[in-house]
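So the chains spell out like this:
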Amino acid sequence: MTTIENGSGTRELAGKRALVTGGSRGIGAAIVRRLLDAGAEVLTTARSATSTVPEGAAFVEADVRTRAGAEALAAAAREVLGGVDVLVHNAGEARPHEGASAIPDEEWQDALDLNYLASVRLDSLLVPGMRDRRSGAIAHVSSAAVLTPVGPFLHYTAAKAALENYSRGLALELAPSGVRVNAVAPGRVATPGGEATRERWAEVSARMGAAPAETNADDTPPLGRDGLPDDVARAVLFLVSDRASWLTGRNLVVDGGEFPMG
Ligand SMILES: NC(=O)c1ccc[n+]([C@@H]2O[C@H](COP(=O)([O-])OP(=O)(O)OC[C@H]3O[C@@H](n4cnc5c(N)ncnc54)[C@H](OP(=O)(O)O)[C@@H]3O)[C@@H](O)[C@H]2O)c1
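Model, not experiment: these values are computed from the prediction. (Residues numbered from 1 in each chain as written. Predicted model: local features only at pLDDT ≥ 70, side-chain atom pairs only at ≥ 80, totals over all residues. Heavy atoms only, no water.)

**Digging into the overall build of the protein chain**
Of the regular secondary structure elements, the protein chain holds seven helices and nine strands. Relative to the globule expectation of 18 Å for 262 residues, the C-alpha radius of gyration of the protein chain, 18 Å, shows essentially globular dimensions. Reported as C-alpha extents along the three principal axes, the dimensions of the protein chain are approximately 60 × 40 × 40 Å. A separation of at least 24 residues holds for 70% of the contacts in the protein chain among residues at least 6 apart in sequence. As presented, the protein chain carries roughly 12,100 Å² of accessible surface, and 53% of it is formed by carbon and sulfur atoms. (Helix = DSSP H or I, 4+ residues; strand = E, 2+ residues; numbered from the N terminus. Rg over C-alpha atoms; globule rule 2.2 N^0.38 Å. Contact = heavy atoms within 4.5 Å. Areas by Shrake-Rupley, 256 points an atom, 1.4 Å probe, with all protein chains shown as cover.)

**What to know about the confidence of the model for the protein chain**
Mean pLDDT over the protein chain stands at 94; residues scoring 70 or higher make up 94%. The low-confidence segment residues 1-7 (pLDDT under 50) makes eight contacts with residues lying over four places distant or belonging to another chain. (pLDDT = per-residue confidence, 0-100.)

**Re the pairing of strand E8 (residues 179-186)**
Burial runs high along E8: eight of the eight residues are buried. Of the two faces of E8, the one carrying Val-179, Val-181, Ala-183 and Ala-185 and the one carrying Arg-180, Asn-182, Val-184 and Pro-186 are both buried. When strand E7 (residues 136-141) meets E8, the two strands line up parallel, connected through six bridges. Bridging across to E8, Ala-139 finds its partner in Asn-182. Of the crossover connections in this fold, the one passing from E7 over helix H4 (residues 154-174) to the parallel E8 is right-handed. (Buried < 20%, exposed > 50% of the residue type's maximum accessible area, 1.4 Å probe, protein only. Pairing = 2+ DSSP bridges. Right-handed = clockwise from strand over helix to strand, strands pointing away.)

**Remarks on the site of the ligand**
Taken together, 31 residues surround the ligand, and among them Ser-24, Arg-47, Asn-90, Tyr-156 and Thr-191 come closest. Within the contact set of the ligand, an oxygen atom lies 2.7 Å away from a side-chain nitrogen or oxygen of Arg-47. Asn-90 is positioned with one of its backbone polar atoms (N or O) 2.7 Å from an oxygen atom of the ligand. Compared with its free state, where it exposes 890 Å², the ligand has 94% of that area covered by protein. For the shell around the ligand, the secondary structure elements donating two or more residues are helix H1 (26-37), H4 and helix H5 (192-208). Among the residues making up the shell around the ligand, the classes are represented as eleven nonpolar, 13 polar and seven charged. (Near = heavy atom within 4 Å. Polar contact = N/O pair within 3.5 Å; in protein donor to acceptor, adjacent residues only side chain to side chain. Nonpolar A, V, L, I, M, F, W, Y, C, P; charged D, E, K, R; others polar.)

**Examining the side chain of Asn-90**
You can see Asn-90 is positioned in the loop between strand E6 (86-89) and helix H3 (105-133). Apart from residues lying up to four places away in sequence, Asn-90 is in contact with Thr-21, Gly-22, Ile-27, Gly-28, Ile-31 and Val-141.

**Remarks on the packing of aromatic side chains**
For the structure on display, the rule yields three aromatic pairs. Taken together, a centroid distance of 6.2 Å and an interplanar angle of 70° make the contact between Tyr-116 and Tyr-166 edge-to-face. Taken together, the residues Tyr-116 in helix H3 and Tyr-166 in helix H4 connect sequence positions 50 residues apart. Look at Tyr-166 and you get buried, because its relative accessible area is 18%. Measuring from centroid to centroid gives 4.9 Å for Phe-153 and Trp-201, while their planes differ by 90°, and the two rings are edge-to-face. Pair noted here: Phe-153 is in the loop between E7 and H4 and Trp-201 is in helix H5, with a separation of 48 residues, a long-range link. For the pair Phe-153 and Trp-201, a shared accessibility class is recorded, and that class is buried. Among the aromatic side chains, those forming a connected cluster through ring pairs are Phe-153, Tyr-156 and Trp-201. (Phe/Tyr/Trp six-rings, centres within 6.5 Å; stacked < 30°, edge-to-face > 60°.)

**Thoughts on unusual backbone geometry**
Even without a glycine there, the phi angle at Arg-134 is positive, about 55°. Structurally, Arg-134 is set in the loop between H3 and E7.

**Brief notes about the environment of Ala-72**
Within the element layout of this structure, Ala-72 appears in helix H2 (residues 67-81). The partly exposed category is assigned to Ala-72, whose relative accessible area is 45%.

Structure representation (structure tokens):
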């Protein structure tokens, strides 16, 4: 039986241990709040703690871009939570450049490390425990920008496209073990990172001589507003909950109607 314990929903994740990367602000902080509200025990991480880390969550500093960072985080998750039932890969960032050929090598590598390989590395460390327990739910946060790759962001969208492809393949591999893997692709969401990216994009576009309209930087989604972090967090909560128990290998685009074919 499901017990209603507060105004925000059910305690459907009671007894579950969740790790969320990048939970110190923006979409990640909203995901942490939703998982806590649903009754999960939550550990989150960022490179530095801030006052916006949701109360009630455990926090550990880690940089997910490196193998060493992933190992430290997996060890902390085992120590603090005793294991991970729900794993949400949310840490990510898009830094625009003046077209594809202006993206330096080290930026390509950094985009791949943060937006793609961080998930691969952390999954490889935590999936064996889920497989042994024959249960678990993983969510990879991608981006609807994959649907319209443009020069200034090709390192980012290529990394997120790889993440989506990997997510589908991992879902198929793990399905017989009862572990589900899905992705969420947000459209434009009002977060500190999202706003900073769009400001930089407008500057880069101006340097490239593009009209603001050509960048989509000022477009409002058809539903009439930018997304809120909680719009994405509710989609993530759904996907990692038993309400989505027959869903795996999916990519849920949460974009206010911006990409109807997504
Ligand atoms: N906002 C949007 O419009 C939008 C659209 C599509 C997709 N997304 C995706 O949604 C996710 C969250 O974006 P957001 O807009 O909420 O970003 P945000 O406001 O910049 O928050 C990013 C979070 O990730 C952490 N983080 C960044 N780099 C990290 C690293 N190397 N190691 C550990 N933690 C790290 C940040 O903390 P520290 O900086 O202290 O490490 C912060 O907690 C990202 O994957 C992004 O690509 C966002």
